[in-house]
Amino acid sequence: MELQSDAVKLVDAKSTESISGQSAAPVRGSLESAANLVFPPLAAFLREFVVKGGVFKGVRGLQSSFNAWALCFATEAKRYEKQHAARPDVP
């Protein structure tokens, strides 16, 4: 099991890596930025739970799927914060 500090470093590295290739931040309140906080984590959960067979592993599969969801959500939330960091008017 990895340490929490290692997980935080992983989230930070993934979000920095993915944001560096983007040129412009989405407009405030755009549907794209809100959808990125919902759909990729949901897809990560379903991929772990259904496609990778987490449903057959019982509670351990559910825990693994939830961890995949949490990692993806934290990465997307960090990316959202970095995109809107220069604009203090965004909540």
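Look above for the structure.
Rules used in this analysis
Residues numbered from 1 in each chain as written. Predicted model: local features only at pLDDT ≥ 70, side-chain atom pairs only at ≥ 80, totals over all residues. Heavy atoms only, no water. Salt bridge = Lys/Arg side-chain N within 4 Å of Asp/Glu carboxyl O. Helix = DSSP H or I, 4+ residues; strand = E, 2+ residues; numbered from the N terminus. Buried < 20%, exposed > 50% of the residue type's maximum accessible area, 1.4 Å probe, protein only. Arc of directions from axis to C-beta. Patch = residues over 30% accessible without salt bridge, like charges linked within 9 Å, V, L, I, M, F, W, Y side chains within 5 Å. Areas by Shrake-Rupley, 256 points an atom, 1.4 Å probe, with all protein chains shown as cover. Contact = heavy atoms within 4.5 Å.

Caption draft 1: Region of the structure containing the pattern of salt bridges. Here the structure, examined in full by the defined rule, presents two salt bridges. For the salt bridge of Glu48 with Lys52, the shortest nitrogen-to-oxygen distance reads 3.4 Å. For Arg79, the salt bridge goes to Glu76, with nearest N and O atoms at 2.7 Å. Here the residue Arg79 and the residue Glu76 both occupy positions in helix α4 (residues 59-83), the gap between them amounting to three residues, near one helical turn.

Caption draft 2: Structural view of helix α3 (residues 39-51). Of all the residues in α3, the buried ones are Pro41, Ala44 and Glu48. Down the axis of α3, the buried set is contained in an arc of 60°. They therefore lie on one face. Residues of α3 that are exposed and point over 90 degrees away from its buried face: Phe39, Val50 and Val51. Gly53 sits one or two residues past α3 and shows a positive phi near 85°.

Caption draft 3: Focus on a nonpolar patch on the surface. There is a patch of nonpolar side chains on the surface, built from Val38, Phe39, Leu42, Leu46, Val50 and Val51 and spanning about 580 Å² of accessible area. Turning to its location among the elements, Leu46 is positioned in helix α3.

Caption draft 4: Inspection of the side chain of Glu76 at higher detail. Here Glu76 falls in the buried class, since its relative accessible area comes to 9%. Once residues within four sequence positions are removed from consideration, Glu76 is found in contact with Asn36, Leu37 and Pro40.

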